[in-house]
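In case you want the letters, here they are:
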Amino acid sequence: MSFNPEVWGTVSDWIMIFVTALTGLLLYLTLNAQLRVTKIEQYKHRHSIQPSFSARIDNISTKKKSEIYRAIVFLRLTVVNHKCLPLKYELIEDYKLVETQKELHTEYLGIGEELICFPALRILPESEENILNNLYTVSSKLFFYFLDAEGRRYKQEFQITIYNGKERIYSRYPIE
């Protein structure tokens, strides 16, 4: 049996088709690998400039309004790493938003710079004597929103708990 070269082509034509197909496959695999590496590098860069805050309580005072006691917490938030733009915070008590969200700065904060918030936390039912002697219970979540240097939005959660005069702040890592 013989093959007509005008219909089937020559060996060199078939080798050229094979080499072209192989080159296309290798280019596709290379592009895929490069895209994966690019995504990994973007992820690393995003996390390398992700800001976070630490929190500490400066001072606490109590205030009575309409027979309800509130603890006024002077909360100091400090930028731990990378500059950021603080936007607002929300205070959550009993799974509900307390009052309205408070808007914050319009300028970026650098590492070590501080922002003072004044969340008012509802004191759980206690006798007036306990409240006056700082033997009360308060527990609330504070959600803090901010932007990184490239404009990505983050949220960091703080759990503020005061129990019989002992203060604790638990913070979570910021999420996008």
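Residues numbered from 1 in each chain as written. Predicted model: local features only at pLDDT ≥ 70, side-chain atom pairs only at ≥ 80, totals over all residues. Heavy atoms only, no water.

Student: Help me out: how do you make sense of the packing of aromatic side chains in this one?
Tutor: A full pass over the atoms with the stated rule returns four aromatic pairs. A network of ring pairs unites the aromatic residues Phe53, Phe144, Phe146 and Tyr154 as a single cluster. One residue, Lys88, lies across the ring of Tyr145, its end atom 5.4 Å from the ring centre. (Phe/Tyr/Trp six-rings, centres within 6.5 Å; stacked < 30°, edge-to-face > 60°. Lys NZ or Arg CZ within 6 Å of the ring centre and 35° of its normal.)

Student: Even after reading the chapter, I still don't get the side chain of Gln50, so can you show me in this structure?
Tutor: Tracing the backbone shows Gln50 in the loop between helix 2 (11–48) and strand 1 (52–65). For Gln50, a relative accessible area of 3% corresponds to the buried category. For Gln50, the side chain forms a polar contact with the main-chain oxygen of Pro174, separated by 3.0 Å. Residues within four places of Gln50 in sequence aside, it is in contact with Asn81, His82, Tyr154, Tyr173, Pro174 and Ile175. (Helix = DSSP H or I, 4+ residues; strand = E, 2+ residues; numbered from the N terminus. Buried < 20%, exposed > 50% of the residue type's maximum accessible area, 1.4 Å probe, protein only. Polar contact = N/O pair within 3.5 Å; in protein donor to acceptor, adjacent residues only side chain to side chain. Contact = heavy atoms within 4.5 Å.)

Student: Hey, could you run me through the pairing of strand 3 (residues 85–93) in this one?
Tutor: For a regular strand, the rule is simple: side chains alternate between the two faces of the sheet. The buried count for strand 3 comes to nine of nine residues, which makes it a mostly enclosed element. Relative to strand 8 (residues 137–147), strand 3 runs antiparallel, the two being bridged by seven bridges. In the sheet register, Ile92 faces strand 8, and the bridge partner there is Lys141. (Pairing = 2+ DSSP bridges.)

Student: Even after reading the chapter, I still don't get a nonpolar patch on the surface, so can you show me in this structure?
Tutor: Together, Val11, Ile15, Phe18, Val19, Leu22, Leu25, Leu26, Tyr28 and Leu29 make up a nonpolar patch on the protein surface, roughly 900 Å² of accessible area in all. Examined against the element boundaries, Leu26 turns out to sit in helix 2. We classify Leu26 as partly exposed; its relative accessible area is 48%. (Patch = residues over 30% accessible without salt bridge, like charges linked within 9 Å, V, L, I, M, F, W, Y side chains within 5 Å. Areas by Shrake-Rupley, 256 points an atom, 1.4 Å probe, with all protein chains shown as cover. Salt bridge = Lys/Arg side-chain N within 4 Å of Asp/Glu carboxyl O.)

Student: Would you explain the nonpolar core in this entry?
Tutor: Looking at soluble globular proteins, one finds that nonpolar side chains tend to be buried together. Judged by nonpolar contacts, the single largest core of 26 residues is most densely connected at Phe53, Leu75 and Phe144. Secondary structure elements with two or more residues in this core: strand 1, strand 2 (68–81), strand 3, strand 6 (114–117), strand 8 and strand 9 (153–163). Of all the elements, strand 2 adds the most residues to this core, at six residues. With six residues, the next largest nonpolar core counts Leu85, Leu87, Ile92 and Leu147 among its residues. (Core = buried A, V, L, I, M, F, W, Y, C linked by side-chain atoms within 4.5 Å.)

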